[in-house]
Amino acid sequence: MSKRLRNTELCADCSVPEPRWASVNRGVLICDECCSVHRSLGRHSSQVRHLTHTPWPPTQLQMVQTLYSNGANSIWEHSLLDPASVMSGKRKANPQDKLHPNKSEFIKAKYQMLAFVHRMPCREDDSSTAKDLSKQLHSSVRTGNLETCLRLLSLGAQANFFHPEKGNTPLHVAAKAGQVSQAELLTVYGADPGAPDSNGKTPIDYAREAGHHELADRLVEVQYELTDRLAFYLCGRKPDHKNGQHFIVPQMADSSLDLSELAKAAKKKLQSLSNHLFEELAMDVYDEVDRRETDAVWLATQNHSTLVTETTVVPFLPVNPEYSSTRNQGRQKLARFNAHEFATLVIDILSDAKRRQQGNSIASPKDNVEFILKSVAVRHCSDSQDNDQPDYDSVASDEDTDQELPSSKGDRTKSLDSDLSDGPITMQEYMEVKNALSASEAKIQHLMKANNNLSDELRLMQKKLQSLQSENTSLRRQVTTNIYQIPSGSDYPDPSSPSALKRRQSARASRPMSMYETGSGLKPYLPKGETPYPEEGIPTLQPFPPHASKLEKQSSMPESDYDNTFNDSEMDDSGRRGRLRSSGWLGEGSSIPELDDLEMESDPTLPSTEDVIRKTEQITKNIQELLRAAQENKHDSFIPCSERIHVAVTEMAALFPKKPRSETVRGSLRLLTSSAFRLQSECRKAMPSEGCPGPDMQLVTQQVIQCAYDIAKAAKQLVTITTKENTN
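Conventions used here
- Residues numbered from 1 in each chain as written.
- Predicted model: local features only at pLDDT ≥ 70, side-chain atom pairs only at ≥ 80, totals over all residues.
- Heavy atoms only, no water.
- Helix = DSSP H or I, 4+ residues; strand = E, 2+ residues; numbered from the N terminus.
- Contact = heavy atoms within 4.5 Å.
- Areas by Shrake-Rupley, 256 points an atom, 1.4 Å probe, with all protein chains shown as cover.
- Phe/Tyr/Trp six-rings, centres within 6.5 Å; stacked < 30°, edge-to-face > 60°.
- Buried < 20%, exposed > 50% of the residue type's maximum accessible area, 1.4 Å probe, protein only.
- Salt bridge = Lys/Arg side-chain N within 4 Å of Asp/Glu carboxyl O.
- Pairing = 2+ DSSP bridges.
- Axes fitted to C-alpha atoms, helices over the stretch in contact; angles between N-to-C directions.
- Parallel < 35°, antiparallel > 145°, perpendicular 65-115°, else oblique.
- Nonpolar A, V, L, I, M, F, W, Y, C, P; charged D, E, K, R; others polar.
- pLDDT = per-residue confidence, 0-100.
- Left-handed = near helix turned anticlockwise from the far one by under 90°.

1. Quick look at the overall build of the protein
Here comes step 1: Summing up its helical and strand segments, the protein has 27 helices and three strands in all.
Here comes step 2: When contacts within the protein are restricted to residue pairs at least 6 apart in sequence, those whose partners lie at least 24 apart make up 73%.
Here comes step 3: Accessible surface, the protein as shown: approximately 36,100 Å² in total, 51% of it carbon and sulfur.

Next comes the structure, spelled out in structure tokens:
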């Protein structure tokens, strides 16, 4: 226990006289109000202790007193000492300022943001700057200049820096030189008293060899500070390190219950943690012990008659930005443990820390900790049936009700009895989940970017289609009045000619084709002699009535000119020849021998421009509907849209002779029909089969758009060709 520092001191943050608290790692004294803000920042920003109501190691208190007396506060307020700061409006908080927001914002800027610390000149390589600072720290700790070392630490020097040339750390140097206060400062900033140098010696060894036995004993205490603090929290005693006793593992008074499988599972789970994960858990529990003890001191030292709501206890551990969100949430959940449950957890950690330090094998199931776990688990099996998640790993929520407090180690042991997926999650599992989430977020960002690109492509396609429609309209205006004349000049054309066939079509289908009307299946345009795609089961056009296709059976619309069944009036030879000729682009061989020679001859005739334009507009309209479905992610509309496009393509291709003379026409027809066939195939992929993994809709949509583009391109080419040929 330490004596009270002199009362002439002022609060380092607001200048209130007689501060009663100290920030150990900042080397300053603070008042009650400012202390409440320091506590809300967390121990990673400020480690607060009461000057009289908290047990102090004498050398640590001396270190803080020396730092404060030598002006350590100027390190944290360096830029405020510049007269220019007054002109800029920057100022220090004063006693008359309100705690919130004036004092609290100043304290956060001062210690959390380090807004007023003197900054080193910027360099390209920050790592080399930190290395230089650490080397300066390594040289400075052999002297008694504490504030210089604190300044270096505030700028980023590493307390555990291993000097490559010297082969040791700053704590080795301070211990050998007998600099007690420097050693205290270094350990506050995380220096390890048990770290070996290049010769395998620790700072404790160097202190003993140099005759600094008190310093060596203090470094041993620092080495066991975590377990000592946990044991002192439970029983008010610390181990006697001088006599070789390094651990005290208290026992609970109500440990007379029988063992449970839950207790065994909890103990086994804790023992299975790696040393690194176990250390992280122990440090979190240490921080929670510090929070609870400081809360008790805070409540005991406040004037409750004038206590205001602005300066209250800290309900749970503040967030440490250096930790993952999962670990921060788990740390906050420790506040939900009541005294009995938290003591159980502390004893559990002390027991396993002793086992790991001494290198013993896993303890017997009759361990006292398991008796404790049993008592907690039995009590919670009845009132925690609906909470299967371990408290330490579940997400903190403002909606947690009072009846959920307390939740205990029993909840953790309860879930451990099931499979690993329901049990407490280790830090390794935390990282795996975190990495998986990061990968998922990256995938989502990638998909969003791809979706944006796809939307751009869709908009571009719509513009092209609009341009195509505009060109088609312009071409229609240029059609001459003799557009229905037969190229041969005959007043009564051969019924097998394409123009005659088209007039029959126009007579029977004077209305526009419905968007929802279906027709026969589609085959690609293939040169004579090549094999079409039999696996698709697409019905072929035949001279005699076969069975109707599936689509025709489902259609309730009037019969199309391209149905596989014919009217009686069209069953004459010329009618069959006309149909076979008009369907020659489908590529199947004829079953009538006398037509073979006819099929081999090229035909110079082309359909009328008006008919081609009308079919092109129908194709364009159906493609626009497909693109809208793609843009709105209505993938179930792909197949109906493709069928309508297929019908329109079938009708347009039937306008042309079986073997056009122009190679350009043949190429455009081939592109038109093959693209329509591919479009149907790609659209079918949008509907996954049972038992098969879902398709990559992004790839399917891109392929559908490409097919639609090819169809529109081929249709445009055919309009251009027929217009040019018919106007010549």
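2. Some thoughts on unusual backbone geometry
Here comes step 1: Put simply, His-100 and Pro-101 share a cis peptide bond, and its omega is 10 degrees.
Here comes step 2: With respect to the helices, strands and loops of the structure, Pro-101 is situated in helix 5 (residues 99-112).
Here comes step 3: Here Ser-15, not a glycine, exhibits a phi torsion of approximately 70 degrees, which is positive.
Here comes step 4: In this fold, Ser-15 is placed in the segment before strand 1 (21-23).

3. Focus on the packing of aromatic side chains
The geometry of an aromatic ring pair is captured by two quantities: the separation of the ring centres and the angle between the planes.
Here comes step 1: Inspection of every chain in the model, using the stated rule, returns five aromatic pairs.
Here comes step 2: For the ring pair Trp-76 and Tyr-111, a centre distance of 6.3 Å and an interplane angle of 55 degrees mean the geometry is tilted. One end of the pair, Trp-76, is in helix 3 (residues 73-76); the other, Tyr-111, is in helix 5, with 35 residues separating them in the sequence.
Here comes step 3: Looking at Tyr-111, the relative accessible area reads 1%, which means it is buried.
Here comes step 4: Relative to Phe-116, the ring of Phe-106 has its centre 5.6 Å away and its plane inclined at 25 degrees; by these criteria the two rings are stacked.

4. So, the pattern of salt bridges
Here comes step 1: Evaluation of the coordinates by the stated rule reveals 33 salt bridges.
Here comes step 2: Arg-91 is the salt-bridge partner of Asp-97, the closest N and O atoms lying 3.1 Å from each other.
Here comes step 3: What makes Arg-91 partly exposed here is its relative accessible area of 46%.
Here comes step 4: The closest approach of N and O atoms between Arg-218 and Glu-184, which form a salt bridge, is 2.5 Å. Within this pair, whereas Arg-218 is found in helix 11 (residues 213-223), its partner Glu-184 is found in helix 9 (residues 180-188), the two being separated by 34 residues in sequence. The residues Arg-218 and Glu-184 share a single accessibility class, namely buried.

5. Concerning the sheet that holds strand 1
Here comes step 1: Taken together, the three strands give an open sheet; going across it, the order is 2-1-3, and neighbouring strands pair in antiparallel fashion. In this open sheet, the two strands that pair with only one neighbour each are strand 2 (28-30) and strand 3 (48-50). Going from strand to strand, the sheet's axes swing by 30 degrees on average, the running direction of each strand aside.
Here comes step 2: Relative to strand 3, strand 1 runs antiparallel, the two being bridged by three bridges. Bridging across to strand 3, Trp-21 finds its partner in His-50.

6. Section: the packing of helix 2 (residues 58-69) against helix 9
Here comes step 1: Taken N-terminus to C-terminus, the directions of helix 2 and helix 9 make an angle of 95 degrees; their axes are 9 Å apart at the nearest point. Comparing the axis directions of helix 2 and helix 9 gives the class roughly perpendicular. Note on element contacts: helix 9 touches helix 2 through Val-180, Ser-181, Glu-184, Leu-185 and Val-188, opposite Thr-59, Gln-60, Met-63 and Leu-67.
Here comes step 2: When grouped by side-chain class, the residues that make up the contact of helix 2 with helix 9 number five nonpolar, three polar and one charged.

7. With respect to the side chain of His-635
Here comes step 1: Among the secondary structure elements, His-635 is positioned in the loop between helix 24 (609-631) and helix 25 (638-654).
Here comes step 2: Leaving out residues up to four positions away in the same chain, His-635 has contacts with Ala-686, Met-687, Met-697 and Thr-701.

8. Some words on the environment of Cys-707
Here comes step 1: Position of Cys-707 relative to the elements: it lies in helix 27 (residues 697-727).
Here comes step 2: Under the relative-accessibility criterion, Cys-707 is labelled buried at 0%.
Here comes step 3: Distance from Cys-707 to Leu-671, taken between C-alpha atoms, is 9.7 Å for residues 36 residues apart in sequence.
Here comes step 4: For Cys-707, the contacting residues outside a window of four places in its chain are Ser-675, Arg-678, Leu-679 and Glu-682.

9. A closer look at the confidence of the model for the protein
Here comes step 1: Looking at the protein as a whole, the pLDDT averages 74, with 67% of positions reaching at least 70.
Here comes step 2: Taken together, the stretch residues 363-423 has pLDDT below 50 and engages in 133 contacts with residues farther than four places along the chain or on a different chain.
Here comes step 3: Segment residues 480-600: pLDDT under 50, and 184 contacts once partners within four positions in sequence are set aside and those in other chains are kept.

10. Here's the deal with the environment of Lys-716
Here comes step 1: Among the structural elements, Lys-716 can be located in helix 27.
Here comes step 2: Between the C-alpha atoms of Lys-716 and Gln-469, which are 247 residues apart in sequence, the distance is 9.4 Å.

11. Focus on the packing of helix 12 (residues 225-235) against helix 16 (residues 339-358)
Here comes step 1: Following both chains from N to C, one finds helix 12 and helix 16 inclined at 140 degrees, their axes separated by 10 Å at the closest point. By the angle between their axes, helix 12 is oblique relative to helix 16. Relative to helix 16, the crossing made by helix 12 is left-handed. On helix 16, the residues touching Thr-227, Leu-230, Ala-231, Tyr-233 and Leu-234 of helix 12 are Phe-342, Ala-343, Val-346, Ile-347, Ile-349, Leu-350 and Ala-353.
Here comes step 2: Across the contact of helix 12 with helix 16, the residue classes break down as eleven nonpolar, one polar and no charged.

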